[in-house]
Amino acid sequence: MKNFLAIDTANEYLTVLAVKGEEVYCSYIPDCSMRHSVTLMPEVDKLLTGAGMRLSDFDFFSAVVGAGSFTGIRIGISAVKGFCLATEKPCLPVTSFDLMAYNNVEGAGKRLCLVNALHDAYYVCGYDETGVCYPPNYLTEEEVLELAKDGYTLYSLTALPIAEKVKVETVEPKDGLLHAVRALAKQGKFGELTALYVRKSSAELNANAK
């Protein structure tokens, strides 16, 4: 399974990868907040044209299922589910944390992958040489700093406020997506695309508080 189309709409950027064997066609928009729904399909069409491919030429499709923006996650999942349904090809779920954990992992040790949850808080997931060692969670900045003292190297996909207090390694989202999809596909991690919501949305929290 060498040909795949992968989409990441889970955060403020947009990444679309069309991989044809060893050839990689990429569309990356650093700031796509609130525009994923109108930007995604034109970018997919542009990559397909550039690669000279049709959806039926891909062996599988992949989407980042979270953590990140509630709306963005749903957009990516819906698009990839549609591609899989139309082509009868399998889907590969990938998390935002995987993008950091599987990028240049050789000898990386314990890695704490961070996604900005705003308000001095973060979605986190820890990895070691065996895989996930600290399951996805919602932590305050202080709690993240305590984990950093415990020997974790911190990683992120975008600039984070916490980087003013502790070293944070930044992974290019497009590189992380490519490496994560290839690694997880090799492991056979195909399955249903289920959104990873580490924390309830603000609307749900407000509703429960009433």
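It should be emphasised that the depicted structure is a prediction, and the values quoted were computed from it without experimental measurement.

Draft legend 1. A look at the side chain of Asn-3. Here Asn-3 shows up in the segment before strand S1 (4–8). Taking the relative accessible area as the measure of exposure, Asn-3 reaches 19% and is therefore buried. A distance of 3.4 Å separates the side chain of Asn-3 from the backbone oxygen of Asp-57, its partner in a polar contact. In this structure Asn-3 touches Val-19, Lys-20, Gly-21, Met-53, Asp-57, Phe-58, Asp-59 and Phe-60, once residues within four positions along its chain are discounted.

Draft legend 2. Molecular detail of the packing of aromatic side chains. Within the structure shown, the criterion is met by eight aromatic pairs. Residues Tyr-102 and Tyr-127 carry aromatic rings whose centres are separated by 6.3 Å and whose planes lie at 75° to one another, so their mutual orientation is edge-to-face. Residue Tyr-102 is found in the loop between helix H3 (96–101) and strand S6 (111–118), and its partner Tyr-127 is found in strand S7 (residues 121–128); the two are separated by 25 residues along the sequence. With a relative accessible area of 21%, Tyr-102 lands in the partly exposed category. Here the aromatic residues Phe-4, Phe-60 and Phe-190 are joined through ring pairs into a cluster of three or more. It is Lys-174 that lies over the ring of Tyr-28; its NZ or CZ is 4.9 Å from the centre.

Draft legend 3. Region of interest: the pattern of salt bridges. Counted under the stated rule, the structure contains six salt bridges. Close ionic contact of Lys-46 with Glu-43 constitutes a salt bridge, the shortest N to O distance being 3.1 Å. A residue pair is termed a helical-turn pair when its members lie 3 or 4 positions apart in one helix, as Lys-46 and Glu-43 do in helix H1 (residues 36–51) at three residues. Glu-43 sits in the buried class, given a relative accessible area of 11%. Notably, a salt bridge pairs Asp-150 with Lys-110, separated by 3.7 Å at the nearest N-O pair. Of this pair, Asp-150 sits in the loop between helix H4 (141–149) and strand S9 (153–156) while Lys-110 sits in the loop between H3 and S6, and the two are 40 residues apart along the sequence.

Draft legend 4. Highlighting the sheet that holds S6. Pairing is mixed in the open sheet, where five strands are placed in the order S8-S7-S6-S9-S10. The two strands at the open ends of the sheet, each matched to only one other strand, are strand S8 (131–140) and strand S10 (168–170). In this sheet, neighbouring strand axes are inclined to one another by 30° on average, regardless of whether the strands run parallel or antiparallel. Relative to S8, H4 is tilted by about 145°, and along the sheet it contacts S6, S7, S8 and S9.

Draft legend 5. View of helix H2 (residues 70–87). In this model H2 runs 26 Å from its N-terminal to its C-terminal C-alpha over 18 residues, within 8% of the 26 Å that 1.5 Å per residue would give. For H2, the complete set of buried residues consists of Phe-70, Gly-72, Ile-73, Gly-76, Ile-77, Ala-79, Val-80, Phe-83, Cys-84 and Thr-87. Taken from the residues just after H2, Glu-88 is the one with a positive phi, measuring 60°.

Draft legend 6. Region of interest: the packing of H1 against H2. Following both chains from N to C, one finds H1 and H2 inclined at 35°, their axes separated by 10 Å at the closest point. The chirality of how H1 crosses H2 is right-handed. Residues His-36, Ser-37, Leu-40, Met-41 and Val-44 of H1 form the contact with H2, whose participating residues are Ile-75, Ala-79 and Phe-83. For the contact of H1 with H2, the residue count by class is six nonpolar, two polar and no charged.

Draft legend 7. The arrangement of the sheet that holds strand S2 (residues 14–20) in detail. Strand order across the open sheet formed by five strands is S3-S2-S1-S4-S5, with mixed pairing between neighbours. In the strand order of this sheet, the two ends are held by strand S3 (23–29) and strand S5 (91–94), each with one partner. Strand after strand, the sheet turns through a mean of 15° between neighbouring axes, direction not considered. Relative to strand S4 (residues 60–64), S1 is paired through four bridges, and the arrangement is parallel. Paired with Leu-5 across the strands is Phe-61, a residue of S4. Packing of helix H5 (residues 173–186) onto the sheet brings it into contact with S1, S2, S3, S4 and S5, and relative to S2 it is tilted by some 50°.

Parameters and conventions
- Residues numbered from 1 in each chain as written.
- Predicted model: local features only at pLDDT ≥ 70, side-chain atom pairs only at ≥ 80, totals over all residues.
- Heavy atoms only, no water.
- Helix = DSSP H or I, 4+ residues; strand = E, 2+ residues; numbered from the N terminus.
- Buried < 20%, exposed > 50% of the residue type's maximum accessible area, 1.4 Å probe, protein only.
- Polar contact = N/O pair within 3.5 Å; in protein donor to acceptor, adjacent residues only side chain to side chain.
- Contact = heavy atoms within 4.5 Å.
- Phe/Tyr/Trp six-rings, centres within 6.5 Å; stacked < 30°, edge-to-face > 60°.
- Lys NZ or Arg CZ within 6 Å of the ring centre and 35° of its normal.
- Salt bridge = Lys/Arg side-chain N within 4 Å of Asp/Glu carboxyl O.
- Pairing = 2+ DSSP bridges.
- Axes fitted to C-alpha atoms, helices over the stretch in contact; angles between N-to-C directions.
- Expected span 1.5 Å × (residues − 1).
- Left-handed = near helix turned anticlockwise from the far one by under 90°.
- Nonpolar A, V, L, I, M, F, W, Y, C, P; charged D, E, K, R; others polar.

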